[in-house]
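# Overview (structure and organization)
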Amino acid sequence: MSAGSPDQDTLRRESLICAQCGACRDVCPAFRQLGWESSSPRGRMSVVKDLTTKKPGVSAATDEQVRTLCQCTMCGACREICAARIDTTELWFEARAALTREGKALGQFARLAEGIREAKNVASFDNETRLEWAEDLDEGDILDPQVEKAEVLYYVGCMASFYPRSQQVALAIAEIMKAANVRFSALGGEEWCCGYPLEASGRPEEAKVFQRHNVEKILASGVTKVVTGCPTCFETLNRDCGDALREGGVEVLHATQFILQLIREQRLELSGRSAVVTYHDPCDLGRNSGIYDEPREILRSIPDLTFVELHSSREGSSCCGGGGNLQTVDPALTERIADARVDEIVQSGAEIVVSACQQCEQVLAAAIQRRGLKVQVMDISELVLDSLV
Amino acid sequence: MASKKALYGRSTQPLASRLIERYQERATDSPYERSFYTRDLAPIPGIVDRVFATTPDVVVRPDSAEMVADVVKQAGIDRVPVTTRAGASTALWGCVPVQGGVLLDLSDLRGVVAIDPTEKTARVRAGTVWTDFEHELLGHHLVAKSVPSSAPASSVGGWLCTGGYGIGTLKYGRFLSQVRSAEVVLPDGSIRRLTRETQPPLQWFEGSEGTLGVVTEVELEVRDASPMSHFLLSCPGISAVRQIVTKLVAGSPLPYSIHFDDRWTAAAMEALGYAPAGAVAGSELVRVDWEGTPEELEAAESVTRAAVAAVPGVSQLSHEAAKEEWAERFRSLRIKRGGPSVLGQEVLLPLSGLEGYLADVERLAMRYRMTLMSYGHMAVPDKAIVMTMFYTDETKTVEYLFSMGIMKKFHDVAARRNGAPYGLAFWSTPHIRSRLADPPLAEWRRRKQQLDPLGIMNPGKGPTRLAAMNPMVIQLGMDALAGIARVTRGGLS
């Protein structure tokens, strides 16, 4: 990043506006685990201020400063509470981009980006195998990209396409659509990563290439709705591709929104299920996209279910630790953050923790397994599928 | 590595090494980590760091009162200063070391120990942030009687030690009046449960700014959660503000909270897109918040309407606008978006001096040809806390240093109206007038001598100001800086 560039101006201006009041500290999942001021959002802001107001600038970032800027899940809690109304999440993205431009990016980010660039997905799998999970469907060809007159395009996302646990979510969403007689298809190998992991690695320009590709393919499919079960893909499709898709007459929905529509239209019939269930708000669906009510309404529409809120929920929900590429940078910190969230789940007395994000589910399930707990982790679509009459 | 000298010329390094060995990941002497503990809200030019030893030699994050006690005891043996901090949400350097030493960060001393819904009391660890505490209380349909205006950032123990006026103290009294007892680590390393009857008594620690010991737990009174109502009033001038406030605090029931913005603050917020719907340009704003039973809220509405009717030119904005302003009550720092930097001073004023103070500030603004913005709230029925501030740019070091001189003028103006700095800590030590100090400085020094004869607790703060902060020198220096600022701003013409 060259001195005086618009991005650096933003970083400089906002870091000066930050009053260092510390309202952001206690809501930050990284700070709550690490405890040092350096790990708090205001600590990160100090680093940004140092690097943008003093010479020689970002190029002089030390390893410790780079680590500080990357120890963040991008959960948005600091943005929500900021007393000076700073869009901190946007700032953390810009700070990582500045590090990349100055050749200071973390090696882990570079390797992650390289894998995505080559494979077009975050798992580094052959992208043509994106729909292999659909072979378990009774009518797998329903997802054939050439299916005519599909009203909905199911944007599967990298997690649900390639990771065995998350593939169950893809299957559940597809089965639910089938049960509701939704005509849907998918992009298969033409679906590329949504670009978020590239943005969070400080490579927004590369992310745009992926996003342009996805927009082109979605528009070419002729659908009017894109449904995804991944909150991060959902947020990215809305934030970065939303204008182009809306201009093309395409609405982007998260699976929770779509499933709720189907329930309200009585296209899904749910049977009773006796269990104590809680819901973990994924940061990208809740705080970063404002969707809190739909998943809760779905849960309330399942007869006999006892729903309990976690100690922190909705806008104040604690992060699971899996966002912002943190797992790539500092897996131990992700585990500590997840453990804290699992403590809340245990406290709630729930037998099942439901979420609507495959990354959250993977991180929470790993933490629960590590501790040998008896709590079941489910995606909300899996629970709905289980409850179908 | 730690290298500075302790109070009596000894090196701090042995203590730092001992603490790191003993407390492992809870202590550090990493220069990188320590650098984050050299500041609070005050944007101070780096040149000041050359005058004072603002970087602690070792930072320790205790998770128990026992650990605090051990660190304090060890520091006493080596005569090393101990500075305590948690939210670090003030701007007076109360929690910034000025002689290096040990920095005790109490942020991990968090959590509610017990809530008694019948007695309506709670015991809470000192480092607990107020909004976290409130979240726990709400689970029992309880709330705090009052909270600081920086509740998302500041800690329960911190508020006791820094004054205790805030949102709700108008109705329920200064925070100390709600505190039943506190667990305190005294400078000799002993852990004591202090009440109003013990020696030393609890009340010594109100506003003691870490100079007498470390508060590690607070037992306080709480109340039932209750419905609220909010009113937002547009006032044509500061006289109308004073009149309406006087009427409201004289009535019964008392409002829970009264906040006011002068016209300059209101204009700055409007320029930033934060003006409440229906706000009248060029007017002052007063927000009145009530809590209580539905009957009390009904009475509150009548009281508010009567007050509005009695003061010419005052009009009521919509309830929605009032509610929105209440929802943003912890975001007064939005005003910084007009900066980038803001310099300001918070003063505690008798209500009788409020109008005069704000009028004097307007005259000051004209003299210095600058915009001075003031906002505040009623601390108790007869006292207001007012923050007066102006925009500046900390990256222009010379200009910034000159404008720091103007801060002294706020003290002068406040003193003329029997006001005093709200908190002494470090930066206000040269500006306190003995007759206005609470507690009197001599009494504070006596307490300090009794409890902390070695002078290890937060040296340079409160009653133990550094030689470099000599009032005469500092005041002359600041007058000179202000004079230059006035000339450079063209204010002499």
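In short, a report on the structure. (Residues numbered from 1 in each chain as written. Chains lettered and ligands numbered in written order. Predicted model: local features only at pLDDT ≥ 70, side-chain atom pairs only at ≥ 80, totals over all residues. Heavy atoms only, no water.)

## Concerning the sheet that holds strand β5 (residues 275–279) of chain A
Strands belonging to one sheet form pairs held by backbone hydrogen bonds; the direction of such a pair is parallel or antiparallel. Residues and elements named next belong to chain A. Selection criterion: Here the rule is simple: two strands pair whenever DSSP picks up at least two bridges between them. Numbering of helices and strands starts at the N terminus; helices are DSSP runs of H or I of at least 4 residues and strands are runs of E of at least 2. Here an axis means a line fitted to C-alpha atoms, over the contact stretch when the element is a helix, while the angle between two N-to-C directions is reported on a 0 to 180 degree scale. Note on definitions: a residue-residue contact is assigned when non-hydrogen atoms from the two residues lie within 4.5 Å.
Taken together, the four strands give an open sheet; going across it, the order is β6-β5-β7-β8, and neighbouring strands pair in parallel fashion. The open sheet terminates on both sides in strands that have one partner only, identified here as β6 (305–308) and β8 (376–379). The sheet shows a mean angle of 35° between the axes of neighbouring strands, direction not considered. Here strand β7 (residues 352–355) pairs with β8 via four bridges, running parallel. By the bridge assignment for β8, V354 is matched with M378. Here helix α18 (residues 358–370) sits on the sheet and contacts β7 and β8; the angle it forms with β8, its principal contact strand, is near 175°.

## A few points about the pattern of salt bridges
Residues and elements named next belong to chain A. This is how the line gets drawn: Salt bridges are defined as contacts in which a side-chain nitrogen from Lys or Arg sits within 4 Å of a carboxyl oxygen from Asp or Glu.
Applying the stated rule across the entire model yields 64 salt bridges over all chains. Between E206 and R117 there is a salt bridge whose closest N-O contact spans 2.8 Å. Residue E206 is found in helix α11 (residues 204–221), and its partner R117 is found in helix α7 (residues 107–119); the two are separated by 89 residues along the sequence. Here R246 and D243 are joined by a salt bridge, their closest N and O atoms 3.1 Å apart. Of this pair, R246 and D243 both sit in helix α13 (residues 242–247), three residues apart, which is roughly one turn of the helix. A single salt-bridge network, built from bridges that share partners, covers E335, D339, D343, R370 and R371.

## With respect to the pairing of strand β16 (residues 373–380) of chain B
All names here are of chain B. What counts here: Residue exposure (1.4 Å probe, protein chains only): buried if accessible area is under 20% of the type maximum, exposed if over 50%, otherwise partly exposed.
The buried count for β16 comes to eight of eight residues, which makes it a mostly enclosed element. Pairing of strand β12 (residues 257–261) with β16 involves three bridges; the strand directions are antiparallel. Following the sheet pairing, H259 is matched in β16 by H377. Relative to strand β17 (residues 383–392), β16 runs antiparallel, the two being bridged by seven bridges. Within the sheet, the bridge partner assigned to M373 lies in β17 and is M389. Between β16 and β17, which pair antiparallel one after the other, the connecting turn spans two residues.

## Overview of the packing of aromatic side chains
Residue and element names in this part refer to chain B. What counts is decided by this rule: In this scheme Phe, Tyr and Trp rings, the latter by its six-membered ring, pair at centre separations within 6.5 Å, and the angle between planes marks the pair as stacked below 30 degrees, edge-to-face above 60, and tilted otherwise.
A full pass over the atoms with the stated rule returns 19 aromatic pairs over all chains. Both rings, one in F52 and one in F426, keep their centres 4.9 Å apart while their planes meet at 85°; by these two values the pair is edge-to-face. A residue pair is termed long-range when its members are at least 10 positions apart, and F52 in the loop between α2 (31–34) and β2 (58–60) and F426 in the loop between β18 (420–421) and α13 (441–451) qualify at 374 residues. The same class applies to F52 and to F426, which are both buried. With a centroid separation of 5.3 Å and an interplanar angle of 75°, the aromatic rings of W130 and F175 are classed as edge-to-face. Here W130 is found in helix α4 (residues 130–138), whereas its partner F175 is found in the loop between α6 (169–172) and β8 (179–185), with 45 residues between them in sequence.

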